[in-house]
Amino acid sequence: MDELIVISGKGGTGKTSLLAAFASFAKNKVLCDADVDAADLHLIMSPAVREQHDFQSGRSAVINTDKCTECGLCRDLCRFESISETYEVDPIACEGCGVCVYFCPEKAIDFPINTCGQWFKSDTRFGPMVHARLGIAEENSGKLVSLVRKEARDLATQKGLDLLITDGPPGVGCPVIASIGGASAVLIVTEPTVSGKHDMQRVVQLANFFKVPAMVCVNKFDLNLDVTRDIENFSKLNGLKVVGRIPFDPVFTKAMVNGHTVIEYDDSSQLAKKIKEIWKRVLLNLKSAS
Amino acid sequence: MIISIASGKGGTGKTTIATNLAVSLGNGAQILDCDVEEPNAHLFLNPLLDKTEAITIPVPEIDKDKCNLCGKCADICQFKAIVVIAKTVLTFHELCHSCGGCMAVCPENAITEVGRELGTLQIGHRDNLKFADGKLKVGEAMAPPLIKKVRTCADPKRITIIDAPPGTSCPVITAMADTDFVLLVTEPTPFGLHDLKLAVGAVKMLGIPAGLVINRSDMGDDKVYEYAESVDLPILMEIPFDRKIAEAYSRGELLVDVMPEFKESFIKLYKRIAQIANA
């Protein structure tokens, strides 16, 4: 089974819109949204949710005021300054380390498991989709990412599908690391700006670190041809496959507002042809990578 | 006064607003780039760096001569960062949250702490504007302790602008918590609106006053405007799409350098923020 993860480093380069466009062309696939922190793919895919599950991970300390003698040991031990002078735990600051729970002489601190979000198995007009919603201000996004990827893989196996297309999060931190480990390849969608280039270079380092083959596509390439060439040269020098350029086009926004992929919006446009070529190259590289 | 700039969705213009606001305020301002996974403010400000510091967090080291393999450290650790297998104790430093539980529980005093590098803190200036950012090591997952470190650079005598990371989970919360005002930046698209709602949820949870900047305000639909009105989120600034702005951004140029008329708008923006935050 091939698994493509679309990432970018910098946010807002067009990852999700491009992935949605690929969904119009790709066959026998499961779609997966691993940007659990700010998931957007469902806004185009309009999934019909078939299964919904709670995502439970980590614990939080809760002080039972009836038992608490306010001895202060928990406040001394807590390194996250999450216990107030009135012995209330700030659930946002609590790291879930359980040190206070362990040492409380009165056994006055409960340590329940957190429900940090939900994940879903859904049907879309492009096939099955696995996605999730991390609760606001919750931790453990990396674990939720690993979970949706595993569920997407299991669903593909079960349905006899051989391709996973996953929308990854921006950045290079915890959820991105969880998104790309063990994938067949990543496609880095970037833009020709100083920040787009800076951030894609860091995400290339990350892909190399985890030994995942990477491809590069420059979106809005015509905003700055010099930076576009810089990015493409950097990519070639570092052994990355450059799969194509996409021009700046307000159609991306128009299609999104209509809840369509850009291909559905107008499948005879130059833009649609361009993206189709890029998808062919991505698929070819994906096959040769796995 | 500490103003954090956040968005939910990436690429809406947080760094543009943060850098141009800071430069427009000029003397007495300070910018802290807390998007430690992908710090970009330095690309537009080109600060002179005064200091670069490696940032570490404490992780356990076991003195094998003292350890009696009782396993209490492994029992208390919630993060599987320390395990006892047969006759050895193994530590997994990249999983450690630095809670100190293992050290506190060890009956043999066999655990001490050593530093593990997460990334670097850079401190500098551009004329009279103070600058600091954090850069997470590539491959490193633990962003919040580095963000906390960048925030310790806040100078209470200055207006501090924090450039926060995208999203709504722990790194963003760490960047926004205990600030005086959250300036949310969005674009009027379905993605922008959806992620703005999440960001507003996070701001409400933290109980911080907030306002909105709508970037590329003419590319999309009216739903962001309807939403802002429905939740009493004041729209403090709108920037229409202009290819000239996009191209200047692509070259790493500040908006107020290319179109100086914006300087006045950013000063006005600050005045409105101060009004709301002090109300």
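Residues numbered from 1 in each chain as written. Chains lettered and ligands numbered in written order. Predicted model: local features only at pLDDT ≥ 70, side-chain atom pairs only at ≥ 80, totals over all residues.

> What is the right way to look at the overall build of chain B in this model?
In terms of helices and strands, chain B carries 11 helices and 11 strands. Referenced to the eigenvectors of the C-alpha coordinate spread, the extents of chain B come out at roughly 70 × 40 × 35 Å. (Helix = DSSP H or I, 4+ residues; strand = E, 2+ residues; numbered from the N terminus.)

> What am I meant to see in the overall build of chain A here?
Counting its secondary structure elements, chain A contains 11 helices and 11 strands. Each of the three principal axes of chain A carries a C-alpha extent, and together these read 70 × 40 × 35 Å. Looking at chain A as a whole, 54% of its 290 residues are labelled buried. Relative to all contacts within chain A whose residues are 6 or more apart in sequence, the contacts with residues 24 or more apart total 76%. (Buried ≥ 20, exposed ≤ 12 C-beta atoms within 10 Å, placed from the backbone. Contact = placed C-beta atoms within 7 Å.)

> Help me understand the domain arrangement of chain A, please; the structure alone is not making it clear to me.
Many authors give the size of an interface as the accessible area that is lost as the parts come together. Parsing chain A into structural domains produces domain 1 (2–55 + 121–289) and domain 2 (61–111). If you average the C-alpha positions of domain 1 of chain A and of domain 2 of chain A, the two centres end up 42 Å apart. (Domains from an automatic or database assignment.)

> Even after reading the chapter, I still don't get unusual backbone geometry, so can you show me in this structure?
Backbone phi values are negative for most residues with the exception of glycine, while trans is the configuration of most peptide bonds. Residues and elements named next belong to chain A. A positive phi is found at N28, a non-glycine position, where the angle reads about 50 degrees. On the secondary structure map, N28 appears in the loop between α1 (15–25) and β2 (29–33). The phi dihedral of A137 is positive, around 70 degrees, even though this residue is not glycine. Tracing the backbone through its elements, the reader meets A137 in the loop between β7 (127–134) and α5 (141–159). When the 20 C-beta atoms within 10 Å are taken as the criterion, A137 is described as buried.

> Where do I start with the domain arrangement of chain B in this structure?
Taken as a whole, chain B is organised into domain 1 (2–55 + 123–278) and domain 2 (64–109). The C-alpha centroid of domain 2 of chain B is placed 40 Å from the C-alpha centroid of domain 1 of chain B.

> When you look at the pairing of strand β10 (residues 214–219) of chain A in this model, what are you seeing that I'm missing?
Residues in a regular strand point their side chains to alternate faces of the sheet. All names here are of chain A. Burial analysis of β10 places six of its six residues in the buried class, which makes it a mostly covered element. Neither face of β10 is left uncovered, since the one carrying A214, V216 and V218 and the one carrying M215, C217 and N219 both have all their residues buried. Both strand β9 (residues 185–190) and β10 contribute to a ladder of five bridges, which runs parallel. Within β10, the residue paired with I188 across the bridge is V216. Once you follow β9 into helix α7 (residues 194–209) and on to β10, the crossover reads as right-handed. Sheet topology places β10 next to strand β11 (residues 241–246); five bridges connect them, and they run parallel. Looking across to β11, one finds that C217 is bridged to G244. One crossover worth recording links β10 to the parallel β11 by way of helix α8 (residues 225–237), and it is right-handed. (Pairing = 2+ DSSP bridges. Right-handed = clockwise from strand over helix to strand, strands pointing away.)

> Is there a simple way to think about the environment of F209(A) in this case?
Residue and element names in this part refer to chain A. Position of F209 relative to the elements: it lies in helix α7. Exposure remark for F209: the 15 C-beta atoms within 10 Å place this residue in the partly exposed category. For the pair F209 and N285, spaced 76 residues apart in sequence, the C-alpha to C-alpha distance is 20 Å.

> Is there a simple way to think about the packing of α7(A) against α8(A) in this case?
Between two packed helices, what matters for the description is the angle formed by their axes and the separation of those axes. All names here are of chain A. Between α7 and α8, the least distance of the axes is 10 Å, while the angle of their chain directions is 10 degrees. With respect to their mutual orientation, α7 and α8 come out roughly parallel. Where α7 abuts α8, its residues K197, M200 and Q201 lie against V227, D230, I231 and F234. A breakdown of the residues in the contact of α7 with α8 according to their chemical character gives four nonpolar, one polar and two charged. (Axes fitted to C-alpha atoms, helices over the stretch in contact; angles between N-to-C directions. Parallel < 35°, antiparallel > 145°, perpendicular 65-115°, else oblique. Nonpolar A, V, L, I, M, F, W, Y, C, P; charged D, E, K, R; others polar.)

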